[in-house]
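# A look at the structure
Chain by chain, the residues:
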Amino acid sequence: LDKFCLGLEPQTQVRFTSTTSALKAQTEKKTAKAAKESRTFQAIQEERKEEAERSVLISCPPKINEKKFLDYLSKHGTINKHFFYNSYGANAVVEFSSRESIASLKESINIPAVEHEAAVPFKSRLLSLKWPGSQSSNHPMPKFKEQSPPSINEITQLLSERDSMDEQLQCLTETLQLTEENISLRFLVCSLLRDIAGAYFPECIIRPFGSSVNSFGKLGCDVDMILDLDGIYATSQKKGSGLSLEYQVKRGASERAVTQSILSVIGKCVDQFGPGCVGVQSILQARCPLVRFAHQPSGFQCDLTANNRVAMKSSELLFLYGKLDPRVRHLVFSVRCWARAHSITSSIPGAWITNFSLTVMVVFFLQQRNPPILPTLDRLKELAGPSDKCVIEGNDCTIVSDLSKITLQQNTDTLEKLLQEFFEFYGNFPFNKASINIRKGKEQTKPETTALYIQNPFETTLNISKNVNATQLERFVALCRESAWLLQQKEILKQSSDSPWGFAALLLPSVTSGAGVKSRRKRKLEPASSRIKNLLDSLKIKGGETVAKKGSA
Ligand code: CTP
Ligand code: MG
């Protein structure tokens, strides 16, 4: 470079040098980003957990002076990150660069004197900031980070401004997905809970799983947590003398009974000592016993389970599938949003299809493309290295953790095409005799007569959609057919400024549910009954292949 710079005008030299250093910085940034991108699921979880352990959650007065606030806290150490958000008032998450700062901070905090009541003297990292005297409002207000998803109307509005359906689906993911701050808050709530459970089991960890970590979480989704006691079993006993010591322990009738008794005690503790935890319910008779509660300072609904390592592995599997191709997440977010808009899914437990089932259905559909967009679970197992080996309670949960070992086939289908084919695929799926199996990537004969059979990826004798009844499945199929039909009417793909188009049109109330018949543009053209008849005609299966007669209605 020096050689090239020689003889240049000084000003040009400076420009050249600064361009070079800018390029270098850019390359370094790219390398750091690539390194971050290629981290394994476990590495990401560990890093976030560690960040959460260095963080505090502070309830703040409404007109907070950000600079003063940060100056005050910085006395205890360097602050890495912080953000403000609203949940029952203003709150801040502050992440220090070292855990010592938390210890130093804790030394300066008082337990409040409460009038007419008494305080449980539990010192958590959930704090309240008291501001002396009245606050002036002459300082700039900090930015408050949004933690809730936009409404369906807001989504429709946003989507209408896009230029194509593919852009709409990408925009949908960007709008609904968990933000960095929201994920940090989820890990922090788990870490705060761990401090309570740690009073009984100092080696325990509380880890988030499910949609908080599998990359398919939507703002506002619940926080599924696992009380991980594996660290207790790790031992460094020296062999040689023949002597050994064992802990004397209480025994329970079964693993399940022990899990129930641990969760029952921790549930009580969360209820009685956990600041900000309200509405604690212990649901210990469920297949997977759990403690459900609301964490007010974060606004999260939480489900705490124990001894549930397989579920963590399913989260890793979905995360991996989401990483392999960007279309996976876009399709999952669209299908979940569409299902929610039509009440196919619900936040209340019942006979509905769950988001987890829908995600597995999308994965299965993408394994069936020609060429396939996603590999089978068996293939992910074949590619695993020795350190990936994982057997949980007799279930082989081995999957490759290094994404670079996976080679994908070239498939350039657009999101619009994939969404349409998803609806056609499930609008015609032989649910009565076949089960969905992502391990084989092929439909299998249904082993039971339940309405919908989706094999649990790791506990292969279980059906993840056992709860779904025939009525709910029929609604899903009818809506798939209707949406497939609507997408065949290329009219809804035309951009429009006065009515929802493209994906937004698919979110409008359906004909099948009997509501909103007048709201669709196409509705005006012919009566619903004949349109549905044509829709059904157009989706007949010929020779095992779905034939969708374009524009048949
Ligand atoms: N799970 C399972 N079998 C089921 C239901 C759930 O293994 N029948 C596991 C899955 O790993 C799932 C997690 O439990 O991801 C959490 O379940 P749930 O909260 O119902 O689903 P999420 O994927 O978290 O989706 P949501 O956004 O609806 O919470
Ligand atoms: Mg969940």
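An account of the accompanying structure is given in this report.

Definitions and cut-offs
- Residues numbered from 1 in each chain as written.
- Chains lettered and ligands numbered in written order.
- Predicted model: local features only at pLDDT ≥ 70, side-chain atom pairs only at ≥ 80, totals over all residues.
- Heavy atoms only, no water.
- Helix = DSSP H or I, 4+ residues; strand = E, 2+ residues; numbered from the N terminus.
- Buried < 20%, exposed > 50% of the residue type's maximum accessible area, 1.4 Å probe, protein only.
- Contact = heavy atoms within 4.5 Å.
- Areas by Shrake-Rupley, 256 points an atom, 1.4 Å probe, with all protein chains shown as cover.
- Pairing = 2+ DSSP bridges.
- Axes fitted to C-alpha atoms, helices over the stretch in contact; angles between N-to-C directions.
- Donors = N, O, S within 2.8 Å, 3.2 Å for Na, K, Ca; no water.
- Near = heavy atom within 4 Å.
- Polar contact = N/O pair within 3.5 Å; in protein donor to acceptor, adjacent residues only side chain to side chain.

Scanning the chain for helices and strands turns up 18 helices and 15 strands. Of all 553 residues assigned to the chain, the portion counted as buried reaches 45%. Nonlocal contacts in the chain, meaning residues at least 24 apart in sequence, comprise 65% of its contacts between residues at least 6 apart. Of the roughly 29300 Å² of accessible surface on the chain, 53% is carried by carbon and sulfur atoms.

With that out of the way, let us pick up the side chain of His295. Mapped onto the elements, His295 comes out in strand β8 (residues 290-295). With relative accessibility at 2%, the residue His295 sits in the buried group. Residues within four places of His295 in sequence aside, it is in contact with Leu57, Val189, Leu192, Pro275, Gly276, Cys277, Phe300 and Cys302.

Right, let's get into the sheet that holds strand β6 (residues 223-228). Pairing is mixed across the open sheet formed by five strands, whose spatial order is β5-β6-β9-β8-β7. Bordering the open sheet on either side are β5 (205-209) and β7 (277-283), each of which pairs with just one other strand. The mean inter-strand angle of the sheet, taken between neighbouring strand axes irrespective of direction, is 25°. Looking at chain direction, β6 and strand β9 (residues 300-306) are connected through five bridges and run parallel. Following the sheet pairing, Asp224 is matched in β9 by Asp303. Relative to β5, helix α11 (residues 309-324) is tilted by about 45°, and along the sheet it contacts β5 and β6.

Where burial is concerned, most of β6 is hidden: six out of the six residues are buried. Strand direction decides the pairing type here: β5 and β6, joined by five bridges, are antiparallel. From the neighbouring strand, Arg207 faces β6, where its bridge partner is Ile226.

Attention shifts here to the coordination of the magnesium ion (ligand 2). On the protein side, the magnesium ion (ligand 2) has Asp222 (OD) and Asp224 (OD) as donor atoms, found 2.1 to 2.2 Å from it. Judged by its relative accessible area of 27%, Asp222 is partly exposed.

Around ligand 1, the structure places 13 residues, and the nearest of them are Phe209, Ser211, Asp222, Asp224 and Asn355. Take Asp224: an N or O atom from its side chain is 3.0 Å from an oxygen atom of ligand 1. Surface burial for ligand 1 is 76%, taken as the share of its 560 Å² of free accessible area covered by protein chains. Among the secondary structure elements, those contributing two or more residues to the shell around ligand 1 are α11 and α13 (355-367).

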